[in-house]
Every structure is written in structure tokens, then in C-alpha cells.
Amino acid sequence: MRLQRTAAALGAALTSLVVLTGCSSSWGADAGLPEAGDMAAIEKLVGSHTMCSDLRTGVGDSGAMGSEAKDPAWAIKERGVCGDDARDTVTLLSVSDMEKFQQTARRAAAGGNGTRFLLGQDFALVAHDESTAKALLKSDVLLFTCEKGFKVPDGYRNEKLLVDGCALTDYLPG
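In short, a report on the structure. Position numbers for residues count from 1 along each chain, tracking the sequence in the order it is written. For this predicted model, a pLDDT threshold of at least 70 governs which residues receive local features, and a threshold of 80 or more governs which side-chain atom pairs are given and counted, while totals over whole chains, interfaces and linings are taken from all residues. To obtain the side-chain values, all non-hydrogen atoms of the structure were included, while hydrogens and water were left out.

**Structural notes on the overall build of the protein**
To keep it simple, the criterion reads: In DSSP terms, a helix is any run of H or I states spanning at least four residues, a strand is any run of E spanning at least two, and both are numbered starting from the N terminus. Only protein chains enter the accessibility calculation, which uses a 1.4 Å probe; a residue whose area is less than 20% of its type maximum is buried, one above 50% is exposed, and one in between is partly exposed. Working definition of accessibility: Shrake-Rupley area with a 1.4 Å probe, residue cover restricted to the visible protein chains.
When its secondary structure is counted, the protein shows four helices and seven strands. The buried share of the protein, taken over its 174 residues, is 39%. In the form shown here, the protein has an accessible surface area of approximately 9,700 Å², with 50% of it arising from carbon and sulfur atoms.

Quick look at the structure:
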């Protein structure tokens with residue numbers, strides 16, 4: 001009986017510690033990154049800031065992140081593309097393991113195949129033009145890049161990542 005009370009007290013103390021320190025199990029929550037949960041929620045977030053009509057999932061290897069979406073190293077659960085009526089403007093990626101995703105993006109950048117992503121807690125976006133990327137930054141996603149020599153200027157956010165050698169920021173170089 002005493003062991004049960006001790007275990008219950010320890011559990012309550014740990015819960016209180018998590019609440020008081022603001023720790024969370026979800027990466028990016030402390031940075032205020034949005035969480036989507038599924039492709040429909042990602043589409044809704046994107047569509048509230050830029051044109052995201054005609055969402056297509058399960059698309060082939062063509063386009064941004066087409067072949068990477070099939071590689072388990074990227075931890076991409078689902079890939080979709082949407083845009084305006086004339087062209088694709090955004091690639092949507094539902095990510096199951098953000099640490100694996102960031103590590104693989106860092107390796108790709110080191111090999112000369114880097115991509116700039118806009119990250120939420122559990123998803124990534126690839127904007128196909130600068131005006132779309134700027135519009136999406138208003139949704140609280142942040143730019144994730146592992147470009148060699150990339151520096152975040154003073155006055156911009158520079159958030160903590162799960163991997164070293166990359167940046168997570170609200171700075172979007174022109």
C-alpha cells in the first residue's frame with residue numbers, strides 16, 4: 001500500500017514539474033509552431049494563407065519531394081501538392097518523426113541537394129515561390145534550412161532545432 005502511495009505521489013510530482021516548466025513532448029510547441037495532425041489540417045492551414053486548391057495526394061515522383069516521400073529516411077507519412085488553377089504552388093508533407101526529417105534534410109544539404117522548408121510541429125511545406133513562402137510565414141510556420149553559410153540576421157527569430165547545423169527562423173532571404 002505504501003508503495004502505491006509513493007508511486008502516486010511521484011507521478012503527481014512529475015506531472016506538476018512538466019506543467020510548471022512548460023515542457024512538452026511535441027517538438028516545436030515551445031516555439032509556437034502550428035500542429036496539423038493530418039493532411040486535411042495541413043491543407044486548411046495553407047489554404048487560409050495562400051491558394052491551395054485541387055489538393056492531390058499520392059502523386060508520383062515528379063515535383064518537390066516526390067522521390068524523397070518514398071524514402072523512409074525522410075519519415076514522410078503523406079505527400080500532397082496544391083496550388084492555384086494554373087500551377088502547383090505548395091508541397092505539403094505530413095511528417096511522422098521530425099528528428100529523422102531534419103537529420104535527412106541536413107544530410108541532403110551537405111550533399112548539395114538542400115531544400116528550404118517551412119516547418120510546423122508535425123509537417124513541412126515547400127513553397128514554390130517567394131510570395132507564397134512569405135504568405136505562409138504568417139501562419140506561424142518557420143523557415144528551416146541547412147544551407148551552408150546561412151546566417152539569421154539580428155532581430156529575427158532563431159529557434160532551437162533537433163539537429164545541429166541548420167536554422168529555424170522567421171527570416172526569409174530575398
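And the narrative resumes.
**Here's the deal with the environment of Phe144**
Filter applied, for reference: Every residue pair with non-hydrogen atoms within 4.5 Å of one another is taken to be in contact.
When you line up the elements, Phe144 lands in strand β6 (residues 142-145). As a C-alpha pair, Phe144 and Gly120 span 24 residues in sequence and 9.8 Å in three-dimensional space. Not counting the four nearest positions on each side in its chain, Phe144 is found in contact with Gln102, Ala105, Thr115, Arg116, Phe117, Leu119, Leu161, Cys166, Ala167 and Leu168.

**Details of the state of the cysteines**
For the record, the criterion: Two cysteine sulfur atoms form a disulfide, by the criterion used here, when they sit within 2.5 Å.
Considering all chains together, one arrives at two disulfides under this definition. A sulfur-sulfur distance of 2.0 Å marks the disulfide that ties Cys52 to Cys82. Its S-S torsion of approximately -105° makes the covalent link between Cys52 and Cys82 left-handed. Of this pair, Cys52 sits in the loop between α2 (39-47) and β1 (53-57) while Cys82 sits in strand β2 (residues 76-83); the two residues are 30 residues apart in sequence, bridging distant segments of the chain. Comparing Cys52 with Cys82, the two get one shared label, buried. One disulfide bridge connects Cys146 with Cys166, the sulfur atoms lying 1.9 Å from each other.

**Brief notes about the layout of surface pockets**
We count it as follows: Cavities and pockets are defined on a 1 Å grid built over the protein atoms alone: a cavity is a set of grid points where a 1.4 Å probe fits but cannot escape, while a pocket is an open set with protein on both sides within 12 Å along at least five of seven lines, and lining residues are those with an atom within 4 Å of any such point. Grid points are joined across faces, edges and corners, and a volume is the space filled by probe spheres set on the points. For this classification, the nonpolar set comprises Ala, Val, Leu, Ile, Met, Phe, Trp, Tyr, Cys and Pro, the charged set comprises Asp, Glu, Lys and Arg, and every other residue, Gly included, is treated as polar.
Roughly 180 Å³ of volume is contained in the largest pocket. Forming the walls of the largest pocket are 10 residues, and the residues nearest its centre are Trp27, Gly28, Asp30, Ala31 and Lys160. Taken together, the residues that form the lining of the largest pocket break down as four nonpolar, three polar and three charged.

**Comments concerning the packing of aromatic side chains**
Selection rule: Stacked, tilted and edge-to-face pairs are distinguished by plane angle, under 30 degrees for stacked and over 60 for edge-to-face with tilted covering the rest, among Phe, Tyr and Trp rings (Trp via its six-membered ring) whose centres lie within 6.5 Å.
Counted according to the given criterion, the structure contains six aromatic pairs. Plain terms: the ring middles of Trp74 and Phe101 are 5.4 Å apart, the flat faces sit at 65° to each other, and that makes the pair edge-to-face. Taken together, the residues Trp74 in the loop between β1 and β2 and Phe101 in helix α3 (residues 98-110) connect sequence positions 27 residues apart. By the burial criterion, Trp74 is buried, and Phe101 matches it. Consider the rings of Phe150 and Tyr171, whose centres lie 6.0 Å apart with planes at 45°: the pair is tilted. Of the two residues, Phe150 is situated in the loop between β6 and β7 (167-169) and Tyr171 in the segment after β7; the sequence distance between them amounts to 21 residues. Grouping aromatic residues by their ring pairs yields a cluster made of Trp74, Phe101, Phe117 and Phe144.

**Things to note about the nonpolar core**
Selection rule: What is meant by a nonpolar core is a set of buried Ala, Val, Leu, Ile, Met, Phe, Trp, Tyr and Cys residues, joined one to another through side-chain atoms within 4.5 Å.
Trp74, Leu93, Phe101, Phe117, Leu119, Phe144 and Leu168 are the most contacted members of the largest nonpolar core, which has 24 residues in total. Looking at this core element by element, the count peaks at five residues for α3. If you look at the next biggest cluster of nonpolar residues, it comprises 21 residues, including Val46, Leu137, Leu143 and Leu172.

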